[in-house]
Amino acid sequence: MSRTARCTGRARLCGSALLAALALVLCTPPAEAGDRTPGSATVLPRAKPETAALESSTPTISPDAPAKELFGAADGPAQLKPSAIGSYARGCLAGGEALPTDGPGWQAMRLSRNRNWGHPALIAYMERFARDARADGWPGLLVGDIAQPRGGPMLSGHASHQIGLDVDIWLRPSPGRTLTRAEREKISSTSVIASRTEINPDAWTTDHARLIKRAASYDEVARIFVHPTIKKTLCDWATGDRSWLNKIRPWYGHHYHFHVRLKCPPGSTGCKDQAPPPPGDGCDASLAWWLSDKPYAPDDQKPAPPPPPMKLSKLPSACRTVLVAE
């Protein structure tokens, strides 16, 4: 059988016509590569029970292909056992589930991006959180990006959100009515800070503080990323039990939404958890550093050039099967 014929047969395994074409054009022998978390030399274990089946009979796609283009082209999930594979910034998602456009206590935004897909554990968390937040008095969640249908690197935006366990929640409450699709593309969230170190009292309320505390209250939550000024405001506001503040981590850019990250679900042997946060509430010298000038480069320093697109070979090898599965 010719190489073209073999490639054509493999291409029929793809979940969409576009992915089938990509598989056909890029059909070359795959390279074996483990997953490495940035800044770490730890390689994920290979061929564990959950991922071993995914790594067999995998159609071949060039290991040098830009992963974001391949995963960005997938318009539906991989019909496989639900699994978060790899790490938050280097992985993919099998058996993804879509957060419904509308639900009791939430509305999904930016529907044209098709990024409202997550691991079923994340979808279950959102349903529970939205219900509890509404009971607390929050008018409704406006939900930003979760992940692409098959996870993986995105064509634009996030470095993480790759395994279906991250979700962005706007700090702008729902308007109390169902938004049209067009409105969900045009309406923007609201920044709650007045400057790099000051909260905006006209935009921030104790309802925001209670919302973030509620989001952190569930055992499955690993971290919640917020702007450092929001973290400082929460440190000043919290009374009584402050243990939940340990999950609230400062990170710039999160002044109009907060980013919830779940732990790897039980039994997810192919999923790599992030190291737990340092002990304590985080309202200490580490936060003071974030609020100082130190995180900023001098004004005359040119920004670093963006890194080259991540190659498919940098993802766990099971992600090749996720990419081309029905």
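Data block above holds the structure.
Here the structure is a predicted model, which means the values were calculated and not measured.

Novice: Is there a simple way to think about the pairing of strand β8 (residues 166-170) in this case?
Specialist: Taken residue by residue, a regular strand's side chains alternate between the two faces of the sheet. Here β8 lies mainly inside the structure; five of its five residues are buried. Side chains of β8 alternate between two faces, with Asp166, Asp168 and Trp170 and Val167 and Ile169 buried alike. Strand direction decides the pairing type here: β8 and strand β13 (residues 257-262), joined by five bridges, are antiparallel. Paired with valine 167 across the bridge in β13 is valine 260.

Novice: Would you explain the state of the cysteines in this entry?
Specialist: Here, disulfide denotes a covalent bond that connects the sulfur atoms of two cysteines. The final tally for this structure, using the stated rule, is three disulfides. Here cysteine 264 connects covalently by a disulfide to cysteine 271, the sulfurs 2.0 Å from one another. When the S-S torsion is -75°, as for the bridge of cysteine 264 with cysteine 271, the disulfide is left-handed. Looking at cysteine 264, the relative accessible area reads 13%, which means it is buried.

Novice: Is there a simple way to think about the nonpolar core in this case?
Specialist: For soluble globular proteins, the rule of thumb is that nonpolar side chains tend to be buried together. Ranked by size, the top nonpolar core spans 45 residues in total, and within it Tyr125, Phe129, Leu141, Ile212, Ile224, Phe258 and Val260 carry the most contacts. Among the elements of the structure, α5 (120-136), β7 (141-143), β8, α7 (206-216), β11 (221-226), α8 (228-237) and β13 are those that each provide at least two residues to this core. Looking at this core element by element, the count peaks at seven residues for α5. With residues near it in sequence (within four places) discarded, valine 260 still touches Tyr125, Leu165, Asp166, Val167, Ile169, Ala215, Val221, Arg223 and Ile224. In this structure, Leu312, Cys319, Leu323 and Ala325 belong to the second largest nonpolar core, which totals 17 residues.

Novice: Would you take a moment to explain the packing of α5 against α7 for this structure?
Specialist: Geometrically, a packed helix pair is captured by the angle between its two axes and the distance between the axes. One can describe the packing of α5 onto α7 by two numbers: an axis separation of 10 Å at closest approach and a directional angle of 145°. At the point where α5 passes α7, the crossing takes the right-handed sense. Facing α5, whose interface residues are Tyr125, Phe129, Asp132, Ala133 and Asp136, α7 presents Leu211, Arg214 and Ala215. In terms of residue class, the contact of α5 with α7 is made up of five nonpolar, no polar and three charged.

Novice: When you look at the layout of surface pockets in this model, what are you seeing that I'm missing?
Specialist: Over the atoms rolls a probe the size of a water molecule, and in doing so it shows where empty space is left. As a volume, the second largest pocket reaches approximately 150 Å³. The wall of the second largest pocket is formed by Asp136, Arg210, Lys213, Arg214, Ala216, Ser217, Asp241, Ser243, Trp244 and Lys247. It is α7 that contributes the most residues to the lining of the second largest pocket, four residues altogether. Its residues assigned to classes, the lining of the second largest pocket shows two nonpolar, two polar and six charged.

Novice: What's the story with unusual backbone geometry in this structure? I'm lost.
Specialist: Excluding glycine, residues mostly carry a negative phi; peptide bonds, for their part, are mostly trans. Although it is not a glycine, arginine 110 sits at a positive phi angle of roughly 50°. With respect to the secondary-structure elements, arginine 110 resides in the loop between β5 (106-108) and β6 (117-118). Arginine 110 gets classed as buried once you look at its relative accessible area, which sits at 14%. A positive phi is found at asparagine 114, a non-glycine position, where the angle reads about 55°. Locating asparagine 114 in the fold gives a position in the loop between β5 and β6. On the basis of relative accessibility, which here comes to 23%, the residue asparagine 114 falls in the partly exposed class.

Novice: Can you help me understand empty space enclosed by the protein in this one?
Specialist: A complete count under the given rule lists three cavities of 30 Å³ or more for this structure. Taken together, Ala133, Asp136, Gly137, Trp138, Asp207, Arg210, Leu211 and Arg214 make up the full set of residues lining the second largest cavity. If one sorts the elements of the lining of the second largest cavity by residue count, α7 sits on top with four residues.

Calculation notes
- Residues numbered from 1 in each chain as written.
- Predicted model: local features only at pLDDT ≥ 70, side-chain atom pairs only at ≥ 80, totals over all residues.
- Heavy atoms only, no water.
- Buried < 20%, exposed > 50% of the residue type's maximum accessible area, 1.4 Å probe, protein only.
- Helix = DSSP H or I, 4+ residues; strand = E, 2+ residues; numbered from the N terminus.
- Pairing = 2+ DSSP bridges.
- Disulfide = S-S within 2.5 Å.
- Core = buried A, V, L, I, M, F, W, Y, C linked by side-chain atoms within 4.5 Å.
- Contact = heavy atoms within 4.5 Å.
- Axes fitted to C-alpha atoms, helices over the stretch in contact; angles between N-to-C directions.
- Left-handed = near helix turned anticlockwise from the far one by under 90°.
- Nonpolar A, V, L, I, M, F, W, Y, C, P; charged D, E, K, R; others polar.
- 1 Å grid on protein atoms, 1.4 Å probe; cavity = no way out; pocket = protein on both sides within 12 Å on 5 of 7 lines; lining within 4 Å.
- Points joined across faces, edges and corners; volume = space filled by probe spheres on them.

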